[in-house]
Amino acid sequence: MTKTSNLHDPKFWATADALKKVGDLKLCLANSSADACEGPIINAHTIPRSQLQRIAINSHVYAFKGNLPTLAKNEGKLEIGKFGTSQFSVLKCFCAKHDREIFLCVENAALEGTDVQVATLNYRGVASEVYRKMRSLATFEHASMIDERVVENAFKQEIVDAFLHGSKLGLLDIGRTFSDCERSIFSVSHDDVSSLIIQFQRPPGVMSVGGFGPEYDFNGRMVQVLGIDETKYQHATISLLANDEGAFFVLAWLKKETAALRLAQSLILQDPKRYTTLILQLVFEYIENTCMNIPWWDGLKEVERNVLTRRMQDAVSTSNRSNSLTYGGMTFDDWGYKSHKFSNI
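These numbers were taken from a predicted model, which means no experiment stands behind them.

Asks: Quick one: what's the story with the overall build of the protein, residue by residue and with numbers?
Replies: Tallying secondary structure elements over the protein gives 13 helices and 10 strands in all. Within the protein, contacts between residues separated by at least 24 positions form 80% of all contacts whose residues are at least 6 apart in sequence. Split by element, the accessible area of the protein, about 15200 Å² in all, is 51% carbon and sulfur.

Have a look at this one:
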């Protein structure tokens, strides 16, 4: 079956719709807290809409499209599309009460990097990855039972099998981290979450929120070995947002873990004029939940857009290289480094 015939096959579109419904999970990840859920499961923004509006043009941003029809059309490759600020970065993983109460300190107050704000941003990043992994696992488990001819242009069976195995391990592992983050967010003290915060002078052209397992630092040195079934991996979260001063970057992790600390230390040892580019390499390499200001992206050279697109493709395929974060000789932007601080290390 060719790509063209596949896209004109009614069964293909039925499959795409079925997979979308399978992946449309609704649950509140905070339902184990002391307070019971109230209200419906809502469309919770992992990047707040108020933040998205800071870089949006006519309430739209650019982001990568990776649904089944797009992957089938492009033979597994991502493409850029416009998303409304009410649509992008929406997950159905909190009830109305918990979304409102838990994230009040980062949505209704200036971002300053207090301990409670960092713990909350870290919790949101880990929660988003837990939910995405749960949704992906449900989708791919369903895909593995579908006639392979229907999805052959989007997923090869060996990719589905490998992804299923990795997703199950990853979900189990990040679930442990999420439990630790949950204890932190609902405790009186929030000093068990460490962070590196960098303040820039100008607003960002990109926003990103999510979690990942650091493997290499900005010098190409390994900080932990991934891919071993019995190993508990260390996680970190990224919050690339904005405050009234300019771009605001937070790399956060559980205080007891060292992989992200080594990553953060290697970043600060780089030339400050490269901080923006290195952070962009980091978010495009690891975080699917990344969006761009439309003029910023269109203003890049074609070779620069291609490099960042390849990095996002790697984020989807979870394939990383030892030199993935080292400066590659191409400077994408400079938001003007202002200051940085480490907390609770």
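That was the structure; now back to the text.
Asks: With reference to specific residues and values, describe the side chain of Gln-224.
Replies: Here Gln-224 shows up in the loop between strand S6 (206-212) and strand S7 (236-242). Only 2.7 Å separates the side chain of Gln-224 from the backbone oxygen of Pro-214, close enough to count as a polar contact. Polar contacts involving the side chain of Gln-224 include one to the main-chain carbonyl oxygen of Gln-234, which spans 2.8 Å. Excluding its chain neighbours within four sequence positions, the residues that come into contact with Gln-224 are Gly-213, Pro-214, Glu-215, Tyr-233, Gln-234 and Ala-259.

Asks: Explain the confidence of the model for the protein residue by residue, including any values.
Replies: Averaged over every residue, the pLDDT of the protein is 83; the share at 70 or more is 76%. Within the protein, no element has a lower average pLDDT than helix H1 (residues 3-7), which sits at 44, and none a higher one than helix H12 (residues 294-299), at 98. Every residue in residues 1-19 is under pLDDT 50, and counting partners more than four places away or in other chains gives 38 contacts.

Asks: Break down the sheet that holds S7 for me, with residues and values.
Replies: Spatial strand order, S3-S2-S9-S6-S7-S8-S5-S10: 8 strands in an open sheet with antiparallel pairing. One side of each edge strand has no neighbouring strand; the edge strands of this open sheet are strand S3 (79-84) and strand S10 (337-343). Pairs of neighbouring strands in the sheet enclose a mean axial angle of 20°, with direction left out of account. Pairing geometry for strand S5 (residues 193-200) and strand S8 (residues 247-254), over 7 bridges, is antiparallel. Bridging across to S8, Ile-197 finds its partner in Val-250. Contacts between helix H10 (residues 259-268) and the sheet are confined to S5, S6, S7, S8 and S10, with S8 contributing the most and set at about 150° to the helix.

Asks: Residue-level account of helix H11 (residues 275-286), with values.
Replies: If you check H11, its first and last C-alpha atoms are 17 Å apart, about what 12 residues at 1.5 Å a residue would give, namely 16 Å. Of all the positions in H11, only Tyr-275, Thr-276, Thr-277, Leu-278, Ile-279, Leu-280, Gln-281, Leu-282, Val-283, Phe-284, Glu-285 and Tyr-286 are classed as buried.

Asks: So what's going on with the pattern of salt bridges? Residues and values would help.
Replies: The full count for this structure, using the stated rule, is 10 salt bridges. The shortest N-O distance in the salt bridge between Arg-124 and Glu-107 comes to 2.5 Å. In this pair, Arg-124 sits in helix H7 (residues 115-143) while Glu-107 sits in helix H6 (residues 104-107), placing the two residues 17 residues apart along the sequence. Here Arg-183 and Asp-180 are joined by a salt bridge, their closest N and O atoms 2.0 Å apart. Of this pair, Arg-183 and Asp-180 both sit in helix H9 (residues 157-185), 3 residues apart, roughly one helical turn. The network of salt bridges with shared partners includes Asp-180, Arg-183 and Lys-256.

Asks: Any details on unusual backbone geometry? Residues and values, ideally.
Replies: A negative phi angle characterises most non-glycine residues, just as the trans form characterises most peptide bonds. For Asn-58, which is not glycine, the phi torsion reads 50° and is therefore positive. Taking the relative accessible area as the measure of exposure, Asn-58 reaches 68% and is therefore exposed. Positive phi values are uncommon outside glycine, yet Ser-89 reaches one of about 65°. For Ser-89, the position within the fold is in the loop between S3 and strand S4 (90-95).

Conventions used here
- Residue positions are counted from 1 within each chain, in the order its sequence is given.
- Reporting in this predicted model follows two pLDDT cut-offs: at least 70 for local features of residues, and 80 or more for side-chain atom pairs to be given and counted; totals over whole chains, interfaces and linings ignore these cut-offs and use all residues.
- The basis for every side-chain value is the complete set of heavy atoms in the structure, and neither hydrogens nor water enter the calculation.
- We count a stretch as a helix when DSSP gives it H or I for four or more residues in a row; a strand needs E for two or more, and each element gets its number in order from the N terminus.
- Should any heavy atoms of two residues lie within 4.5 Å, those residues are considered in contact.
- Areas reported here follow the Shrake-Rupley algorithm with a probe of radius 1.4 Å; residue values treat only the protein chains shown as occluding.
- N or O atoms closer than or at 3.5 Å make up a polar contact, with two conditions inside protein: a donor-capable atom paired with an acceptor-capable one, and, for residues adjacent in sequence, both atoms drawn from side chains.
- Residue-level confidence of the predictor is summarised by pLDDT, bounded by 0 at the bottom and 100 at the top.
- At least two bridges found by DSSP between two strands are what make those strands a pair.
- Here an axis means a line fitted to C-alpha atoms, over the contact stretch when the element is a helix, while the angle between two N-to-C directions is reported on a 0 to 180 degree scale.
- Residue count minus one, scaled by 1.5 Å, sets the expected span of a helix.
- Throughout this description, buried means an accessible area under 20% of the type-specific maximum (1.4 Å probe, protein chains only), exposed means over 50%, and partly exposed covers the range between.
- Salt bridges are counted wherever a side-chain nitrogen of Lys or Arg sits within 4 Å of a carboxyl oxygen of Asp or Glu.

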